[in-house]
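Residues per chain are reported as follows:
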Amino acid sequence: MSYSDNVLASLKSRYAYQPEFLQAAQEILSTLQPCLDKNPAYEKNRILERITEPERIFSFKVEWLNDQGGIEVNHGYRVQFNSAIGPYKGGLRLHPSVNEGILKFLGLEQILKNSLTGTPIGGGKGGADFDPKGKSDNEVMRFCQAFMIQLYRYIGPTIDVPAGDIGVGGREIGYLYGAYKRLTTRYEGILTGKGLNYGGSLARTEATGYGLVYFTDAMLKDKGESLKGKVCAVSGAGNVAIYCCEKLYEMGATPVTVSDSRGTIYDPNGIKVDVLKQVKEVERASLSRYAELVSTAKFTPVSDYPQGKHQVWTYKVDAAFPCATQNELNEEDAKTLLANGCTCVAEGANMPSTIGAINEFLKAKINYGPAKAANAGGVATSQLEMEQNAGMTSWTFEEVDSKLHGIMTNLYNNTAATAREFGLDGNLVLGANIAGFRKVADAMIAQGVI
Ligand code: NDP
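Residues numbered from 1 in each chain as written. Predicted model: local features only at pLDDT ≥ 70, side-chain atom pairs only at ≥ 80, totals over all residues. Heavy atoms only, no water.

The grouping of Leu65, Ile71 and Val73 at the surface amounts to a nonpolar patch, some 310 Å² of accessible area in total. Following the sequence through the fold, valine 73 ends up in strand 2 (residues 71–82). (Patch = residues over 30% accessible without salt bridge, like charges linked within 9 Å, V, L, I, M, F, W, Y side chains within 5 Å. Areas by Shrake-Rupley, 256 points an atom, 1.4 Å probe, with all protein chains shown as cover. Salt bridge = Lys/Arg side-chain N within 4 Å of Asp/Glu carboxyl O. Helix = DSSP H or I, 4+ residues; strand = E, 2+ residues; numbered from the N terminus.)

Moving on: the sheet that holds strand 9 (residues 298–301). With mixed pairing, seven strands are arranged side by side in an open sheet as 9-8-7-6-10-11-12. Where the open sheet ends on each side, the last strands, each with one partner, are strand 9 and strand 12 (367–369). If you compare each strand with its neighbour and ignore which way they point, the axes differ by 15 degrees on average. Of the pairings in the sheet, the one linking strand 8 (residues 263–266) to strand 9 comprises four bridges and is antiparallel in character. Within the sheet, the bridge partner assigned to tyrosine 266 lies in strand 9 and is lysine 298. The strands touched by helix 8 (residues 204–222) are strand 10 (319–321), strand 11 (344–346) and strand 12; relative to strand 11, the strand with the most contacts, the crossing angle is about 145 degrees. (Pairing = 2+ DSSP bridges. Axes fitted to C-alpha atoms, helices over the stretch in contact; angles between N-to-C directions. Contact = heavy atoms within 4.5 Å.)

For the rest of this paragraph, the subject is the side chain of serine 201. Turning to its location among the elements, serine 201 is positioned in the loop between helix 7 (170–184) and helix 8. Among the polar contacts made by the side chain of serine 201, one reaches the side chain of glutamine 388 at a distance of 3.0 Å. Dropping the residues within four chain positions of it, serine 201 is found in contact with Lys194, Leu196, Glu385, Gln388 and Val400. (Polar contact = N/O pair within 3.5 Å; in protein donor to acceptor, adjacent residues only side chain to side chain.)

Between its terminal C-alpha atoms helix 9 (residues 239–250) stretches 17 Å, which fits the 16 Å expected from 12 residues at 1.5 Å a residue. Here helix 9 lies mainly inside the structure; nine of its 12 residues are buried. All of the buried residues along helix 9 are Val240, Ala241, Ile242, Tyr243, Cys244, Cys245, Glu246, Lys247 and Leu248. The secondary structure elements touched by the buried residues of helix 9 are helix 8, strand 6 (231–234), strand 7 (254–260), helix 10 (273–282), strand 10 and helix 16 (397–421). Count one or two residues on from helix 9 and you reach glycine 252, which has phi positive near 90 degrees. (Expected span 1.5 Å × (residues − 1). Buried < 20%, exposed > 50% of the residue type's maximum accessible area, 1.4 Å probe, protein only.)

A sheet is described by the order of its strands in space; here five strands give the open sequence 1-2-4-3-5, paired in mixed fashion. If you trace the sheet from one side to the other, it starts and ends with strand 1 (56–65) and strand 5 (160–163), each paired once. Taken pair by pair, the neighbouring strands of this sheet meet at an average axis angle of 20 degrees, ignoring direction. Pairing of strand 1 with strand 2, which is carried by 10 bridges, proceeds in the antiparallel orientation. When the bridges of strand 2 are listed, lysine 61 appears paired with histidine 75. Here helix 6 (residues 137–151) sits on the sheet in contact with strand 1, strand 2, strand 3 (88–94), strand 4 (122–128) and strand 5, set at roughly 140 degrees to strand 1.

Now the structure itself:
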């Protein structure tokens, strides 16, 4: 058995109750063996055993009062996964499905993603099983304050800098930041995604979606292709999906779908980004509201679809951008996309494709941009926000956007070059994993074991 297979088998026996973590570990470890064979120091230093185990996990109770004065109890976490190349960095997710295994999958991905950005940040992730849906602003505020009462002692601008993720946008970051400041009396960059008038960076809101499209553009250009004229399927209707749609139009492509937890919107004329922002960012409503506002759009509730999931992958498109959540695109969906002529898939969400789906994309040799490379623009721009906070300065939108563009182009080039180095031209899964891994592994070896 190879070193990577051995470590994976051991993880499977210890963490059988964390399927998403095991899936992420399998996706990564199954590609690393050529790099481990090339450098025996990685096995000698037991890097795989060490990189797959978080440095520490904080797990805590979050008690808060609802609008009726009743007591609510949630479970919060912060996984500080790896600090070999910089302070822990990664988002906070607020969703009822959150548990330790999901945060460990996200944290493990984050280590390699952050390394790929070429900036000095380690990997972390956190969140709680709190559902912001249906809660009043005051309830969200009280939850965020109670969450920060637990979290504040573990974070700091050179220790751990959380950001947003599913269920955590500008509103939540504002409440979390206000609570931190009151608890510590310190005004410092302990969160990214902050509002512009209290330390936030221009272009951070747009960064993951824009970065995804910059990455895709670089991937297509490398093959002499472009996004111009492409019909695109986008899933999700949150931060990543909205700004992916916006940038697709700028590149001459047309997004024709979006989805949320309740259903799918399809409009062959193209998604209207201003209406989408109004429905999801301002009204915080379901996408059925979008169909009320746009007469050409068709809304299909998830309940009308056999597996109770969105319908985005059933339409005939040239390119697909999964931007909702993990495992939203399975092997069957991949086959449908390919049969319908889709030649490009770039992942905005984390681990949206199952291993079966990834294998289909690799087998078909289409342009496939895996999440840890394609969606790294968000965290890269968070690091730019940290830089601005540390220098007590702020850059223009154009400055940040152009740095983001440069980072995503370099990231693609580095990923593609690494795939070529290992004789698998075009396999960006292997390229991203090895390029991200090597830098962290070398830093771990250099820093020794205590
Ligand atoms: P948001 O909360 O802004 O939006 C998430 C969207 O996906 C919503 O439309 C939501 O529907 C839908 N969704 C979430 N969970 C489910 C589910 N279980 N089933 C069906 N639909 C679901 O999150 P983001 O846009 O920030 O994040 C989306 C993805 O991108 C996540 O995988 C995240 O980890 C990843 N990502 C985000 C980054 C960022 O900067 N924000 C950076 C890198 C990756 P509804 O509106 O009904 O809740």
